Protein chains: 2
Amino acid sequence: MKLYDFPGVPNPRRLNIFLAEKGLDFPRTHVDLLKGEQLAEDFRSKSPNCDVPALELDDGTCISQTNAICRYLEALHPEPPLYGRNPREIGLVEMWNNICFTNGFQAVADLFRNGPDWFEGRALIGPHNYNKIPELVERGRLRINNFYSDADKHLNNQDYFVDGYFSVADITALVTVDFCIWAGMPAPTSCKSLLNWHSRVSERPSIRENS
Amino acid sequence: MKLYDFPGVPNPRRLNIFLAEKGLDFPRTHVDLLKGEQLAEDFRSKSPNCDVPALELDDGTCISQTNAICRYLEALHPEPPLYGRNPREIGLVEMWNNICFTNGFQAVADLFRNGPDWFEGRALIGPHNYNKIPELVERGRLRINNFYSDADKHLNNQDYFVDGYFSVADITALVTVDFCIWAGMPAPTSCKSLLNWHSRVSERPSIRENS
């Protein structure tokens with residue numbers, strides 16, 4: 001197997017934390033997102049949505065989208081389970097993983113990709129160019145603040161997004177919070193439960209190795 | 001178990017098709033999205049993101065987000081499998097389900113929710129109000145056209161989004177295409193492979209029962 005990777009940016013970081021939790025590693029090829037290598041024809045034939053990371057299997061099948069690679073690896077290497085240990089947790093992990101991705105990750109991606117720091121015409125990941133919409137920067141800020149207060153409330157009486165159990169929902173949320181910090185929007189000090197969770201989870205070896 | 005449902009709108013339809021494929025049914029409570037009942041405090045205590053559908057388990061746990069309910073039910077009732085029959089398919093189903101949702105479903109949701117036909121301040125699903133951004137209507141149109149041409153190309157030599165296997169990726173894509181038709185943007189006749197797939201999949205009993 002071969003992993004198409006670009007360390008240091010948010011989606012590849014999610015996968016690399018997952019791999020470290022599982023104790024897995026693969027030969028890697030870097031696809032330089034800053035040079036637009038994900039849009040080149042040869043990579044597009046492997047990853048139709050121009051997504052990095054992407055995993056190429058030995059039979060030539062390519063799987064892209066972070067959660068899809070993680071799901072494939074969870075099926076091959078179930079231990080430790082990161083998508084839930086029983087049906088109830090399996091449902092709750094998917095729920096919180098989706099909520100954190102939609103309300104947090106997509107919000108900070110909007111803030112970043114529609115602002116001045118990213119390339120013109122690259123407002124969305126994918127093979128097609130879309131112009132920036134400046135209003136999405138301000139909406140991104142509003143959404144991030146709401147994500148912070150909602151997550152803080154949710155974590156008020158529990159240790160992880162799914163109580164008692166570290167899962168991919170925590171990986172998605174951690175990478176989201178760090179993406180927000182990088183984009184200049186750290187969580188306010190009033191979000192004590194969220195900040196406590198963030199400090200605790202950041203001490204995990206999988207996350208320290210991929211900071 | 002109890003299902004909070006509002007038949008006829010896209011996300012509940014995805015779940016209802018999934019239930020019909022599995023041969024499952026549950027007692028239902030309607031949450032009227034047109035009256036804003038998903039935003040009421042008692043429902044919000046069950047579904048923190050104000051999502052419909054939501055499934056209440058017998059122990060009081062509530063699972064919302066369509067894929068989360070489906071994942072819970074797939075774990076409890078594995079047959080027929082709709083998220084893949086082996087690790088490779090499990091990865092590919094998640095990949096195509098995500099791509100169709102992000103590039104198709106979210107695009108038509110943007111087109112609809114930022115246009116004149118939906119409520120002011122409800123540009124995004126969730127507990128918080130966000131103003132409409134009119135530019136997202138036109139961007140939604142561009143994205144839907146790209147979703148159509150990309151999906152048509154992908155289906156050129158295969159029968160389902162994951163070849164040889166009907167999965168939740170087809171359910172998400174079918175509901176997306178029908179949502180686009182409802183929003184006034186049917187696929188162009190040039191997308192022959194996509195239209196053939198749509199006709200064929202629309203004949204499944206699960207989809208005819210939930211049209």
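If you're wondering where the values come from, they're calculated on a predicted model, not measured in any experiment.

*Asks:* Help me get a handle on the overall build of chain A, residues and values and all.
*Replies:* What chain A contains, in helices and strands, is 8 helices and 4 strands. Beginning at the N terminus, the succession of helices and strands in chain A can be written as β-α-β-α-β-β-α-α-α-α-α-α. Judged by the C-alpha coordinates and their principal axes, chain A covers about 50 × 45 × 30 Å. Long-range pairs, those at least 24 residues apart, make up 65% of the contacts in chain A with a sequence separation of at least 6. Approximately 8,900 Å² of chain A is accessible, and the part contributed by carbon and sulfur atoms is 52%. For chain A, the centre of its 22 positive side-chain charges and the centre of its 28 negative side-chain charges are spaced 3 Å apart.

*Asks:* Provide a residue-level description of the domain arrangement of chain A, including the pertinent values.
*Replies:* Residues and elements named next belong to chain A. By the assigned domains, chain A splits into domain 1 (2–76) and domain 2 (87–204). Summarising the inter-unit geometry, the C-alpha centres of domain 1 and domain 2 are found 21 Å apart. Facing the 17 residues of domain 1 at the interface are 19 residues of domain 2. Of the roughly 1,500 Å² buried between domain 1 and domain 2, counting both surfaces, carbon and sulfur atoms make up 59%. Linking domain 1 to domain 2 there are 3 salt bridges. Residues glutamate 94 and arginine 71 are paired through a salt bridge, measuring 2.5 Å at the closest nitrogen-oxygen approach. Between the two partners, domain 1 and domain 2, sit 4 residue pairs in polar contact (both at pLDDT 80 or more). Mapped by element, the contributors of at least two residues to the side of domain 1 that touches domain 2 are helix H1 (10–22) and helix H3 (66–76). Counting residues per element, the side of domain 1 that touches domain 2 draws most heavily on H1, which supplies 7 residues.

*Asks:* Go over the relation of the copies chain A and chain B, please, and point to the residues and values.
*Replies:* The transformation that overlays chain A on chain B combines an axial shift of 0.0 Å with a rotation of 180 degrees, and the residual RMSD is 0.0 Å. With respect to symmetry, the two chain copies, as superposed, fit the operation of a two-fold axis. Comparing interface residues between copies, 100% of those in chain A also sit at the interface in chain B, which points to an isologous, same-surface contact.

*Asks:* Help me get a handle on the pairing of strand S1 (residues 2–5) of chain A, residues and values and all.
*Replies:* Residues and elements named next belong to chain A. Where S1 meets strand S3 (residues 54–56), 3 bridges bridge the pair, whose relative direction is antiparallel. When the bridges of S3 are listed, tyrosine 4 appears paired with alanine 54. The sheet contact formed by S1 and strand S2 (residues 28–30) spans 3 bridges and is parallel. Bridged to tyrosine 4 within S2 is threonine 29. Handedness of the crossover is the feature at issue here: the chain leaves S1, passes through H1, returns alongside S2, and the resulting connection is right-handed.

*Asks:* An account of the sheet that holds strand S3 (residues 54–56) of chain B is requested, with residue identities and associated values reported.
*Replies:* All names here are of chain B. With mixed pairing, 4 strands are arranged side by side in an open sheet as S2-S1-S3-S4. Two strands in the sheet have a free side with no partner beyond their single neighbour: strand S2 (28–30) and strand S4 (62–64). Along the sheet, successive strands turn relative to each other by an average axial angle of 20 degrees, direction set aside.

*Asks:* Give me the pattern of salt bridges: which residues, what numbers.
*Replies:* In total, this model carries 28 salt bridges over all chains according to the counting rule given. For Glu89(A), the salt bridge identified is with Arg85(A), shortest N-O distance 2.7 Å.

*Asks:* Got a sec to walk through the interface of chain A and chain B? Specific residues and values, please.
*Replies:* One frequent convention defines the size of an interface as the accessible area lost when the parts assemble. The partner chain B presents 40 residues to the 40 residues of chain A that form the contact. Summing the contributions of chain A and of chain B, the shared interface buries around 3,600 Å²; its carbon and sulfur component is 64%. Three residues stand out in chain A for area buried against chain B, namely Met95(A), Tyr130(A) and Arg139(A), and they jointly supply 16% of the buried area on that side. One can count 2 salt bridges joining chain A with chain B. Asp59(A) is the salt-bridge partner of Arg88(B), the closest N and O atoms lying 3.6 Å from each other. Our count for the contact surface shared by chain A and chain B stands at 9 residue pairs in polar contact (both at pLDDT 80 or more). Counting residues per element, the ones that place at least two in the side of chain A that touches chain B are strand S4 (62–64), H3, helix H4 (87–113) and helix H5 (135–154) of chain A. For the side of chain A that touches chain B, the element with the most residues is H4(A), which contributes 12 residues. Grouping the amino acids of the side of chain A that touches chain B by side-chain chemistry returns 21 nonpolar, 11 polar and 8 charged.

*Asks:* So, the packing of aromatic side chains: which residues are in play, and what are the values?
*Replies:* Residues and elements named next belong to chain B. Under the counting rule described, the total for this entry stands at 26 aromatic pairs over all chains. Here phenylalanine 112 and phenylalanine 179 contribute two aromatic rings whose centre-to-centre distance is 6.2 Å and whose plane-to-plane angle is 70 degrees, an arrangement assigned as edge-to-face. Taken together, the residues phenylalanine 112 in helix H4 (residues 87–113) and phenylalanine 179 in helix H6 (residues 168–182) connect sequence positions 67 residues apart. For the pair phenylalanine 112 and phenylalanine 179, a shared accessibility class is recorded, and that class is buried.

*Asks:* Report on the confidence of the model for chain A, specifying residues and quantitative values.
*Replies:* Mean pLDDT for chain A: 97, with 100% of residues reaching 70 or above. Reported for the predicted complex are a pTM of 0.98 and an ipTM of 0.97.

*Asks:* An account of the packing of H6(B) against helix H7 (residues 192–202) of chain B is needed here, citing residue identities and associated values.
*Replies:* All names here are of chain B. In the contact formed by H6 and H7, the axes pass within 11 Å of each other and the chain directions differ by 105 degrees. When the axes of H6 and H7 are compared, the pair comes out roughly perpendicular. Every residue of H7 that contacts H6 at Asp170, Ala173, Leu174, Val177, Asp178 and Ile181 is listed here: Trp197, His198, Val201 and Ser202.

About the criteria used
Residues numbered from 1 in each chain as written. Chains lettered and ligands numbered in written order. Predicted model: local features only at pLDDT ≥ 70, side-chain atom pairs only at ≥ 80, totals over all residues. Heavy atoms only, no water. Helix = DSSP H or I, 4+ residues; strand = E, 2+ residues; numbered from the N terminus. Contact = heavy atoms within 4.5 Å. Areas by Shrake-Rupley, 256 points an atom, 1.4 Å probe, with all protein chains shown as cover. Lys, Arg positive; Asp, Glu negative; His and termini not counted. Charge placed at Lys NZ, Arg CZ, Asp CG, Glu CD. Domains from an automatic or database assignment. Buried area = accessible area lost by both parts, 1.4 Å probe. Salt bridge = Lys/Arg side-chain N within 4 Å of Asp/Glu carboxyl O. Polar contact = N/O pair within 3.5 Å; in protein donor to acceptor, adjacent residues only side chain to side chain. Least-squares fit on C-alpha atoms with pLDDT ≥ 70 in both. Pairing = 2+ DSSP bridges. Right-handed = clockwise from strand over helix to strand, strands pointing away. Axes fitted to C-alpha atoms, helices over the stretch in contact; angles between N-to-C directions. Nonpolar A, V, L, I, M, F, W, Y, C, P; charged D, E, K, R; others polar. Phe/Tyr/Trp six-rings, centres within 6.5 Å; stacked < 30°, edge-to-face > 60°. Buried < 20%, exposed > 50% of the residue type's maximum accessible area, 1.4 Å probe, protein only. pLDDT = per-residue confidence, 0-100. Parallel < 35°, antiparallel > 145°, perpendicular 65-115°, else oblique.

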